[in-house]
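Structural overview for review
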Amino acid sequence: MKIKYFIPLICFLAVIVFCSLLMMPPYPLMIAQFALFLTGFSRTYFYAIKETIKNRDAVIKLKVRSPYFMPVSIFISVTAVTTFLFIPRDMDIIIQFSSCCVMALLCYTAGVIILLRDIKTESKPPLQTNKLSVNKEKTLLLINPVNPHKTGLTVNSSSRFPPLALGIIAALTPDNFHVELIDENIEQFHYKQADLVGITAFTSAVGRAYEIASHYRKRGVQVVMGGIHASMLPDEALHYVDTVVIGEAESIWPELINDFLKGKLKKKYTAEPGKLYNMPIASRDIFSSQYMFATVQTSRGCPMDCEFCSVTAFNGRKYRQRPVKDVLDELEKIPEQYIFFVDDNIIGYSKASAQRAVRLFKGMVERKLNKVWFCQASLNFGLDDEVLVWARKAGCKLVFLGLETPDPEELKVMNKKVNLRIEYKKALKNINRHKIAVLGAFINGTQAETTRSLRNKADYILQHPIDVIQTTILTPLPGTRLFRKLEQEKRLLFTEFPQDWERYDMGELTFKLDNMTRKQFMVIHKECNRRFYSRWNLVKQFFKTLINTRSMESALWAYSSNKNYRNVFLSYKA
Ligand code: SF4
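My aim in this report is to walk through the structure given alongside it, one point at a time. All of these numbers come straight from a predicted model, not from anything done at the bench. (Residues numbered from 1 in each chain as written. Predicted model: local features only at pLDDT ≥ 70, side-chain atom pairs only at ≥ 80, totals over all residues. Heavy atoms only, no water.)

Some words on the overall build of the protein
For clarity, the threshold we go by: In this text, helices come from DSSP runs of H or I with a minimum length of four residues, and strands from runs of E with a minimum of two, each type numbered from the N-terminal end. Put simply, the radius of gyration uses C-alpha atoms, and a globule should come to 2.2 Å times the residue count raised to 0.38. For each residue, the accessible area found with a 1.4 Å probe, counting protein chains only, is set against the maximum for its type, and the residue is called buried under 20%, exposed over 50%, and partly exposed in between. Note on definitions: a residue-residue contact is assigned when non-hydrogen atoms from the two residues lie within 4.5 Å. Using a 1.4 Å probe, the Shrake-Rupley method yields the accessible areas, and only the shown protein chains count as cover for residues.
A tally of regular secondary structure across the protein gives 22 helices and 14 strands. A compact globule built from 574 residues should have a C-alpha radius of gyration of about 25 Å, and the protein, at 27 Å, falls within 12% of that. Seen along its three principal axes, the alpha-carbon backbone of the protein occupies a region of about 90 × 65 × 45 Å. When burial is assessed residue by residue, the protein has 56% of its 574 residues classed as buried. Taking all contacts inside the protein whose residues are at least 6 apart in sequence as the whole, residues at least 24 apart take part in 76%. With the model as given, the accessible surface of the protein reaches about 26,300 Å², and the carbon-plus-sulfur share is 58%.

Structure follows, in structure tokens:
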């Protein structure tokens, strides 16, 4: 920390001390109060400057400034209120004290402005998002499409994440290819020349992917599609693209590229889930520098096979883990401070996998990686104190937990066995005790849902230590047992595929419920969301997290995540 950031503070303290000695009547109590104010202010100033430097990524990329002004504003208002309650009601003193508060704010603002200017000038110009094409024989164009009508979390710049799988594909592509990425998280698609196109898509964006693919096929450019939707419905995808990769593409990509160079691309390539040893490290230079988070994966697969989830179908039932050293080496190479571990469950389901998570977190501390991160985990995360201690030390601020519903009968129907064994409240409180905030993900629209059960669930969420609230609508995604069941029972409401896939984005009810019409359901679902994401509730959630975690950083993370969900909710209303 440079001394120049503290010059405004030093000047301020000098002026105040000098003037007070000259003008203030020598009331011992008041002098003590002033001394306390000045010490408290100096400490808060120091903290805020330190935090601003620590979070320079957010300051540069997102122009987030308000959190760094918040500590000082809170401090000054609390001091002002409490002091005025106790000091004599003397006009001179009130004027003196108010001027002191105003000067304090001005001095703090000056300090932060000097610091922000420094951070701006020091920050490097944005990385080139595309590799240079000099002397490359072929161009591989990778595309990450976003449905413009269903943007979901991509409406917020801080809840967009780089498409890691495409980074891995780029890393596996031979050097004589020039690899480019069109990422609709960041920029809208515009036609670019390519020799081969690789496209991926979630179900709700698949229509957009097919539309983009058609531009290339019309011009005779071959299009390969991978990702979860194409893996679940390869025959549908083959109507719109030339080749489909089914499953995790790493193991077959070199073969596919070879076939392409020989002009012998097959229609389908099926990849079996393999071991995660020596995985290629994603070529992150294809990602935009506007992303706040870097994405990293440490494990794949899930033995649970919940009825609504396609993870087991895509990544297999076996929980596979990367060696800790590989992950640490990769983390060391990532310049971003903010990390999202995209694993569906970072700690797994066994004692051994929890111990492996502990080794990973310890390694992050030992190597002094200084990352700030969030992850997804199963509820057993909340019962393992050793995992929690090391997660916090390694920089964990927030954990995403698929809580789904507090109703054990519903959990049984979903086959969410892991949640049945654990008392929610105990696990959530324990996570908060370790200064980590909880993002509780709930599902509305289970088959037996009623208006009463929806409202009860909302009450439950608000009364429990859930810091960030996510409620999605149960959605039968292709490849899941839920989809097959509802299809057989002829309960699906929208079956004009592929155009109806955009409705399968977890924000719309896509099947018939037993006890409610679609309209009744949507009215109550929105009513619950209005309760969760009202401005007033966002502030209440902030203080709830601050009190439960005793961590300003976790509370700010939780607040900003709730704000992101609010924006998603507002985008649906529109
Ligand atoms: S919801 Fe979670 S626990 Fe269930 S199958 Fe999917 S990843 Fe596994």
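Back to the text.
Topic: the nonpolar core
For the record, the criterion: Among the buried residues, those of types Ala, Val, Leu, Ile, Met, Phe, Trp, Tyr and Cys that are joined through side-chain atoms within 4.5 Å form a nonpolar core.
Core analysis: the biggest nonpolar cluster contains 115 residues, and Tyr 216, Met 225, Phe 361 and Trp 373 have the highest contact counts within it. In this structure Tyr 216 touches Leu 141, Ile 143, Phe 189, Tyr 191, Lys 192, Ala 194, Val 197, Val 221 and Val 223, once residues within four positions along its chain are discounted. Core analysis: the second largest hydrophobic core is formed by 26 residues, Ile 16, Ile 49, Cys 100 and Ile 119 among them.

A closer look at empty space enclosed by the protein
Test applied: Grid points spaced at 1 Å and placed over the protein atoms alone form the basis of the search, with a cavity being a set where a 1.4 Å probe fits but cannot get out and a pocket an open set showing protein on both sides within 12 Å along at least five of seven lines. Lining residues have an atom within 4 Å of a point. Grid points are joined across faces, edges and corners, and a volume is the space filled by probe spheres set on the points. Each residue gets one of three labels, nonpolar for Ala, Val, Leu, Ile, Met, Phe, Trp, Tyr, Cys and Pro, charged for Asp, Glu, Lys and Arg, and polar for the others, Gly among them.
Applying the stated rule across the entire model yields two cavities of 30 Å³ or more. In this model, the largest cavity occupies a volume close to 60 Å³. Of the residues contributing to the lining of the largest cavity, the split by class is six nonpolar, one polar and two charged. Taken as a whole, the second largest cavity holds about 50 Å³ of empty space. Together, Ala 377, Ser 378, Leu 379, Leu 401, Gly 402, Leu 403, Lys 416, Val 418 and Asn 419 line the second largest cavity. Only strand S12 (396-404) and helix H16 (417-420) provide two or more residues apiece to the lining of the second largest cavity.

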